Amino acid sequence: MNTLLFPVILAGGKGERFWPLSRKDRPKQFLSLDGSSRSLLQATADRLIELGGGWNSLWVITSSQIAEGVRQQLPDLPVENLLIESEGRDTAAAVAWTSLEIKQRYGEDAVIGFFPADHWIADQEAFAHTLNAATQLATSTAAIVTLGIKPTFPSTGYGYIEQGEKIGSFNELPAYHVNRFTEKPDRETAETFLSTGRFSWNSGMFVFRAGVVLKELHTHAPEIIEPLEQHGPDIYPQLPKKSIDYALMEKTTLAYVLPVDFGWDDLGDWNAIERLLKTEETPNVELATHVGLDTQGAIIYASNPEDVVVTIGLEDVVIVRDRNVTLVVKKERTQEIKQILKILQSDSRFTDLL
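What counts and how
- Residues numbered from 1 in each chain as written.
- Predicted model: local features only at pLDDT ≥ 70, side-chain atom pairs only at ≥ 80, totals over all residues.
- Heavy atoms only, no water.
- Phe/Tyr/Trp six-rings, centres within 6.5 Å; stacked < 30°, edge-to-face > 60°.
- Helix = DSSP H or I, 4+ residues; strand = E, 2+ residues; numbered from the N terminus.
- Buried < 20%, exposed > 50% of the residue type's maximum accessible area, 1.4 Å probe, protein only.
- Pairing = 2+ DSSP bridges.
- Patch = residues over 30% accessible without salt bridge, like charges linked within 9 Å, V, L, I, M, F, W, Y side chains within 5 Å.
- Areas by Shrake-Rupley, 256 points an atom, 1.4 Å probe, with all protein chains shown as cover.
- Salt bridge = Lys/Arg side-chain N within 4 Å of Asp/Glu carboxyl O.
- Lys, Arg positive; Asp, Glu negative; His and termini not counted.
- Charge placed at Lys NZ, Arg CZ, Asp CG, Glu CD.
- Axes fitted to C-alpha atoms, helices over the stretch in contact; angles between N-to-C directions.
- Parallel < 35°, antiparallel > 145°, perpendicular 65-115°, else oblique.
- Left-handed = near helix turned anticlockwise from the far one by under 90°.
- Contact = heavy atoms within 4.5 Å.
- Nonpolar A, V, L, I, M, F, W, Y, C, P; charged D, E, K, R; others polar.
- Polar contact = N/O pair within 3.5 Å; in protein donor to acceptor, adjacent residues only side chain to side chain.

Q: So, the packing of aromatic side chains: which residues are in play, and what are the values?
A: Enumeration over the complete set of coordinates arrives at 13 aromatic pairs. With centroids separated by 5.2 Å and ring planes inclined at 70 degrees, the aromatic side chains of F153 and W201 adopt a geometry described as edge-to-face. Taken together, the residues F153 in the loop between β6 (144-149) and β7 (160-170) and W201 in strand β9 (residues 199-209) connect sequence positions 48 residues apart. Of the residues examined, W201 reaches a relative accessible area of 3% and is grouped as buried.

Encoded structure:
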């Protein structure tokens, strides 16, 4: 049985909650948000090529709108390992198509891992240790393995996984059957989850053998896998738009979880910058030239180093200056950036801002 891991980067997202820095021509995965010189996509590829045996084993699936940008960001990626969606149909279709392609090339026992392009990982060594464990489990069992992040606070922005019966240890990490997946809970429910010690955050990272996931898709999502098998990717625009969680993970009995702790953030919106970069010594997170008076708890970003952001008496706000747009928003309302984008989309004056 082939135990080599074929990592797949899911790189089709828009990252709208990082607007105005993230735009159609420069989505979130093309950005560097941690102060380094590597974009999120490049950093994801960096850690995965070490696990999968080099560039020839790495795959990327992305949208037609940003495929050229992916090629520029990852020039060493083999052209045949870049799958380009004619139209985004969410993660279930992406997983199904890529799994079919890898099975065709490497067989049913090929172990595939799916990884979003916009995650931040602190401990590469622990991450590699975890992926080795997940690969062992997927190789030895008909399993769809998900990585569950040990929660550090009662988040209402993440989905949760409840662990059931322990099935053993792999690479010294305990593995559990999944009892259930729960979508983003309210605060009280999240606090209850943490108190039990049985729940982890759903990271959106999965590992399985190609044949296992394709069989499960036939059982639980035939409306996605069967058209792809019959017509190939030309059928893509007609496929239903479903997440892999909804289409498969919430239904399969083959879901297993590895609760892990390697320092993780899904970088969902501007508040993630504070989680990554805030120190006790500084009142704000400043990725800009900032002159402030009585300003604290702010996240300040400017893409042009010559721009100066001046603030007086502000608290708990996000200020982003990029090209011809300045965004000012309370930190607790960054999720509403998507609503602003809908307003901009409806007005032809603002087309260039998207």
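Q: Any details on the pairing of strand β4 (residues 111-116)? Residues and values, ideally.
A: Every regular strand shows the same layout, with side chains that alternate between the two sheet faces. Of all six residues in β4, six are buried, a share of seventy percent or more. Neither face of β4 is left uncovered, since the one carrying V111, G113 and F115 and the one carrying I112, F114 and P116 both have all their residues buried. Note that strand β1 (residues 5-10) and β4 share six bridges and pair parallel. Residue L5 lies in a different strand from β4, and its bridge partner there is V111.

Q: Describe a positive patch on the surface, with residues and values.
A: Taken together, the side chains of K14, K24, K184, K241, K338 and K342 present a region of like positive charge at the surface. Within the secondary structure layout, K184 lies in the loop between β8 (173-182) and α5 (187-196).

Q: Break down the packing of helix α3 (residues 90-106) against helix α6 (residues 210-220) for me, citing the residues and quoting the values.
A: Contact geometry for α3 and α6: axes closest at 9 Å, N-to-C directions at 135 degrees. With respect to α6, the element α3 is oriented oblique. Where α3 crosses over α6, the handedness of that crossing is left-handed. Between α3 and α6, the residues in contact are V95, A96, S99, L100 and K103 and A210, V213, L214 and L217, respectively. Split by residue class, the contact of α3 with α6 holds seven nonpolar, one polar and one charged.

Q: Which residues make up the side chain of N271, and what are the values?
A: Within the fold, N271 resides in helix α9 (residues 271-277). We classify N271 as buried; its relative accessible area is 14%. Within the structure, N271 has its side chain in polar contact with the backbone oxygen of K331 (distance 2.9 Å). Among all residues touching N271, those that are not within four sequence positions of it are I299, K331 and T334.

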